[in-house]
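Survey of secondary and tertiary structure
Chain residues, written in single-letter form:
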Amino acid sequence: MKPRFLLAALPILALPVATKFFAAQANESASGEPVPSGRRPPIIVPPIWPPRPIPPVPARVALGLKSQNASVEIRGGAARVTLKQTLHNAQNRVVEGEFLWAVPSGAAISEFSMSANGKKLSAEILEREKAREIYDGIVRKWRDPAILEFIERDLLRAQLFPIPANGEVEIELVYSQTLRGNRFLLPLKPLGISDERAVKSGVEIRLRDADLRGILSPSHPIETRRGKDSTLVSTEWNGPSRDFSLLWSRSQNAVGASLQTWRDPKNPDDDPYFLLLAAPDDAAQSAPIAAKDVVFVFDTSGSMDGEKIEQARRALKTLLSNLRAGDRFGIVTFSSSARRFRETLVAATPQNIAAARDFADDLKALGATNIEEALENAFDLTRNSTVSARQIVFLTDGQPTVGKTEIQGLLDGAKKQNNGARLWTFGLGFDVNTRLLDTLASESGGDADYVLPKEDIEQKVGELYGKIAFPLLQNVSVSWGGARVYDAFPRQIPDLFKGGQIVVLGRMKGGVSREISLEGTVGGAKKRFDGTVSEDGSREIAKLWAARKIGWLFDDARRAGKPIEGEIKAEILALSQKYGVVSPLTAALITEDEPVSVERSRQNLRGGQFGGAPSGAAPQFDFSARAQSGERAVMASKAAKALRQNAPAPSTDAPIKIVGGKTFVLRGGVWTDTQFAAEKSPKIRDIPAFSDEYFALARNSEVAAWLSLGEKIVFVWKGEVYRVGPEVPRG
C-alpha cells in the first residue's frame, strides 16, 4: 500500500452574538404605567430586516499542493527523509487545517519532527487501532474511498492554524526509517487536495555506499551522478504526483552483478521473477579504456539539404571530438553512391581528426539514397578489425531509393557482412524505414533512435554517443548457476559502458538461482565477475518484466511486418491485465465488446507516454505493424522501445490498475476486476457504498485496498462477486 497524506481545512466561523433590545425600562410598561411588583417587563426582540440567511455548514475545503521537494540520505539500511511542501489556501477566508499523513508501510519511524512556516508543530503518531477510527470517520464523512488504501497504517496528525486567506503554508517533515533490502519508497502522492495538475516536485537522494553499483527507478526517469563515496540520484517533474521508487545493487567487485528475485506469495507454485543489475565500480570506470574501432556513416542525399546537413555536419564533428588516443575511425557518406574519408580505418591522431573535420565541412546534400552501398562500405572498414569494441554509427533521413531497396534483402546482406560490429542507427524525421533501422540495431546488439522534426540532430546524436564512447565490457554473457532461465529481456546482453549499467529481467523455471556470474571481454582478455543473489525482491520486478516483454512482443511483430492480432494481441492484453501494465493496447480493456481502434489506442500516447507526442499534440501512432515508415511508424518504434527499456510508468490516471494482487480495468466508469466474467457470474452481491456492509468488508485490509480505487467497483473475493456503488441495483 502506498503511503500518502491527507489534508483538510475547516473555515473559522465567527459565532453570531445576539443583542437583545428592551422596549421599556425595568419599572415601566410600554404604555408608561408602572409595572406591578414581581412582574418582569416583556422582552421584545425586533426582527432584523432584511432577514439574514443562516450560513450553510461549510463543505469540505481542500488545500492545494503547490510544490514539494524531498531530500533523502540513505546510509546502510536506514534512510533519513526531509520533505518540504507548500500548501495553498484558495479560500477568501482564514482556515484551520488538519494534516494527516499515513506512515510508510513497514517503516520504523524515528527522529520525527514537523514545522509550519518555520514554527515547530506538535504532532502525534496514532497507532493502528486509533488511526482506524479516524480513517473510518473520514471515509464516512467525506465519502472518499481512496483513503481506505491506508486503513492498516499508523497515522500522523497535526493541526495547522491559521492559514491566511489566499495564503500559503510551508510544511517540513523530517523522519528516519529502516529499509528492507536494496529498495526505497518515498510517499509523495497526496489525497484530498483541490488540484495537483500544476504541482512542481523534486526528489534528491544521496546514497552513501562505496559498494553501490546498479540503480533503477521503476517510477521516474532519474539522473545519476557518482562521486567517490556517494551517489546522487535526482529527478524533477511538473504535474500529478507519483510515489517515488528506487532499486539498487551492491558489490565489492570491479563489475558488480546483483540478482534480485521475487515470487508471488499468493501463488507459490508460480515461477519466480528476477532482476539482474550490473555496473562498474569507480576503479573500473577510471581505469584505461580499451581502444575501439568506429565508423561514422552519414546520409548526404538531396533531402538532407538545408538545416539538416548543417546539423549533421556539427554532429559528425562532435563525434570526432569524442575519439581518444588509440582509437581508429572511418567516415562513409552516401547519396546515390558511397564515399569514404580514407580507404581504411585511421588512427585518431590530431592530424587525422583535423583532416576529418575538413572532410565534414565539405559535405553537400544532393543525389538519391543508396543504403546498400553505405552498409557495404562500413562493414568492409570493420571486417579486419582485431579489437573487441567495433561500432558503426549510421544516420539517415530517408528510405533506400537506389541500389538494393528491398528491406529484407538489405537486412540479410548486413547479417552476412557484419563482423561483430554494433550498429547505432539514427532516423531523422519521419520518412525513414523503422523496420530497417530497428532491425539493423537490435540484431547487432546496438540501438536505434529517432530525431523528430525540430529536435537538434547534434544534441541527440552527441547524447547517445557520449554513453557508448567508452566501452568497459564487451560480448557479455551470464552464468545463471544452473537455473533454467526463460523470457529474459533483452535477449542479447548488451555491452557495458562507462557510466552505464546492464539491466536484465526474466523468469526462472522452478527454483531460483543460488549463484550468478558475469563474463565478458575487457581489453581483449576474457574476465569473469561473480555476483550476489537475493530473494528479497519486490513485486515491482514482475511488473517491470511484463512491460519489457510487451515491448519485445510489439517490436517482434512490427519488425516482422505482422499485424498485432490473434495470439500476439491476446498475449499482450493478458500481460496488461495480469500485471497492470499500460501499453498501446490498453484501450482494448476499457470496453468489453468494442473492437480496438487505432484512434482509441493513440490516446494511450497522449502526454508523451511511451515516447509519444508531446502533451497537447495529437499523437500519431499505429500498432497495426503494417506501417514501416511515416510518423505513426516512428512513434510506434519509440513506444516499443520505451516498454522494452522499462521507461517509468505513465500517468496513474490510466484505465488499468493493479492493486493488492488484482488487476482492475475501468469499464463504463466502474473499476472491474479482470477475474469477473458476467456470463459466468449470474449471482452478484450488491453493496451500497459507505454502508455498514461496506465498512464491514473494509475491515479486511486486502478488500480495503480494492475499495480505495473508487466509489464504483466490481470484484471477485472468496468465490463471490461484489458490486459496490452509490445506487446499486435491487431485485
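Residues numbered from 1 in each chain as written. Predicted model: local features only at pLDDT ≥ 70, side-chain atom pairs only at ≥ 80, totals over all residues. Heavy atoms only, no water.

Helix α4 (residues 350-361) packs onto helix α3 (residues 307-321) with a crossing angle of 170° between their chain directions and a minimal axis gap of 9 Å. Compared by their axis directions, α3 and α4 come out roughly antiparallel. Along its contact with α3, which presents Arg313, Leu316, Lys317 and Leu320, the element α4 presents Ile353, Ala356, Arg357, Ala360 and Asp361. (Axes fitted to C-alpha atoms, helices over the stretch in contact; angles between N-to-C directions. Helix = DSSP H or I, 4+ residues; strand = E, 2+ residues; numbered from the N terminus. Parallel < 35°, antiparallel > 145°, perpendicular 65-115°, else oblique. Contact = heavy atoms within 4.5 Å.)

Backbone hydrogen bonds are what pair the strands of a sheet, in a parallel or an antiparallel way. Read from one edge of the open sheet, 5 strands run β26-β28-β17-β16-β31, paired in mixed fashion. Strands with a single pairing partner mark the edges of an open sheet, and in this sheet they are β26 (484-489) and β31 (532-534). Within the sheet, the average angular offset between the axes of one strand and its neighbour, ignoring direction, is 25°. By the bridge criterion, 6 bridges tie strand β17 (residues 273-280) to strand β28 (residues 502-509) in an arrangement that is antiparallel. Following the sheet pairing, leucine 275 is matched in β28 by leucine 505. (Pairing = 2+ DSSP bridges.)

Note that side chains of opposite charge can pair when their charged atoms are close. Across all of its chains, the model carries 34 salt bridges by this definition. Put simply, glutamate 571 and lysine 549 hold a salt bridge, and the shortest N to O gap is 3.1 Å. Of the two residues, glutamate 571 sits in helix α10 (residues 566-579) while lysine 549 sits in helix α9 (residues 540-559), which places them 22 residues apart along the sequence. Connected through salt bridges with shared partners, the residues Arg340, Glu343, Asp380 and Arg383 form a single ionic network. (Salt bridge = Lys/Arg side-chain N within 4 Å of Asp/Glu carboxyl O.)

As for its position among the elements, serine 234 is in strand β14 (residues 231-238). Overall, the relative accessible area of 13% leaves serine 234 in the buried class. Discounting residues that sit within four places of it in the chain, serine 234 has contacts with Val203, Glu204, Pro221, Ile222, Glu223 and Arg225. (Buried < 20%, exposed > 50% of the residue type's maximum accessible area, 1.4 Å probe, protein only.)

The first and last C-alpha atoms of α3 sit 21 Å apart over 15 residues, in line with the 21 Å expected at 1.5 Å per residue. Those residues of α3 that fall on the buried side of the exposure criterion are Ile309, Gln311, Ala312, Arg313, Ala315, Leu316, Lys317, Leu319 and Leu320. (Expected span 1.5 Å × (residues − 1).)

The next point concerns the sheet that holds strand β35 (residues 685-688). With mixed pairing, the 6 strands of this open sheet are ordered in space as β32-β33-β34-β36-β37-β35. Lying at the two open borders of the sheet, with one neighbouring strand each, are β32 (656-659) and β35. Neighbouring strand axes in the sheet, compared pairwise and without regard to direction, differ in orientation by 25° on average. Examined bridge by bridge, strand β34 (residues 670-673) and strand β36 (residues 713-717) share 2 bridges and lie parallel to one another.

Attention now goes to the pairing of strand β37 (residues 720-725). Strand direction decides the pairing type here: β35 and β37, joined by 4 bridges, are parallel. The residue of β37 that forms the bridge with aspartate 686 is arginine 723. The pairing of β36 with β37 spans 5 bridges and is antiparallel. Residue pairing across strands places tryptophan 717 opposite glutamate 720, the latter belonging to β37. Following β36, the chain reverses through 2 residues before pairing antiparallel with β37; lysine 718 in that reversal takes a positive phi of roughly 55°.

Right, let's get into the packing of aromatic side chains. If you walk through the whole model with that rule in mind, you get 15 aromatic pairs. An angle of 55° between the planes, with centres 5.2 Å apart, marks the rings of phenylalanine 690 and tyrosine 694 as tilted. When its relative accessible area of 1% is taken as the criterion, tyrosine 694 is described as buried. Aromatic side chains tryptophan 706 and phenylalanine 715 sit 5.5 Å apart centroid to centroid with 50° between the ring planes, which places their arrangement in the tilted category. The buried category is assigned to tryptophan 706, whose relative accessible area is 2%. Each member of the aromatic cluster is reached from another via a ring pair, and the members are Trp262, Tyr273, Trp545 and Tyr579. The ring of phenylalanine 470 carries lysine 292 above its face, with NZ or CZ at 6.0 Å from the centroid. Above the ring of phenylalanine 470, the side-chain terminus of lysine 498 is found at 5.6 Å from the ring centroid. (Phe/Tyr/Trp six-rings, centres within 6.5 Å; stacked < 30°, edge-to-face > 60°. Lys NZ or Arg CZ within 6 Å of the ring centre and 35° of its normal.)

With that out of the way, let us pick up unusual backbone geometry. What is expected of a backbone is that most residues other than glycine have negative phi and most peptide bonds are trans. Cis geometry marks the peptide bond from phenylalanine 489 to proline 490, where omega comes out at 0°. The phi dihedral of asparagine 166 is positive, around 55°, even though this residue is not glycine. Locating asparagine 166 in the fold gives a position in the loop between β8 (155-163) and β9 (168-178). What makes asparagine 166 partly exposed here is its relative accessible area of 44%. In this structure, aspartate 487 is a non-glycine residue whose phi angle is positive, near 50°. Following the sequence through the fold, aspartate 487 ends up in strand β26. Judged by relative accessible area, which is 27%, aspartate 487 ranks as partly exposed.

This paragraph deals with the nonpolar core. Counting 35 residues, the largest nonpolar core has Phe296, Leu320, Phe329 and Ile331 as the members making the most contacts within it. Listed by contribution, the elements that provide at least two residues to this core are β18 (292-299), α3, β19 (328-334), α4, β22 (389-396), β23 (422-428) and α8 (457-468). Considering each element in turn, this core owes the most residues, 6 residues, to α3. Those residues in contact with phenylalanine 329 that lie beyond four places of it in its chain are Val294, Phe296, Leu320, Leu323, Phe341, Leu345, Val346, Ala347, Ala348, Asn352, Ile353 and Ala356. (Core = buried A, V, L, I, M, F, W, Y, C linked by side-chain atoms within 4.5 Å.)

Counting buried residues along helix α7 (residues 434-444), 9 of its 11 residues qualify, which places the element largely inside the surrounding structure. Along α7, the residues classified as buried are Thr434, Arg435, Leu436, Leu437, Asp438, Thr439, Leu440, Ala441 and Ser444. Its side-chain oxygen at 3.1 Å from the backbone nitrogen of arginine 435, asparagine 433 defines the N-terminal cap of α7. One or two steps after α7, the chain reaches glycine 445, where phi turns positive at roughly 90°. (Polar contact = N/O pair within 3.5 Å; in protein donor to acceptor, adjacent residues only side chain to side chain.)

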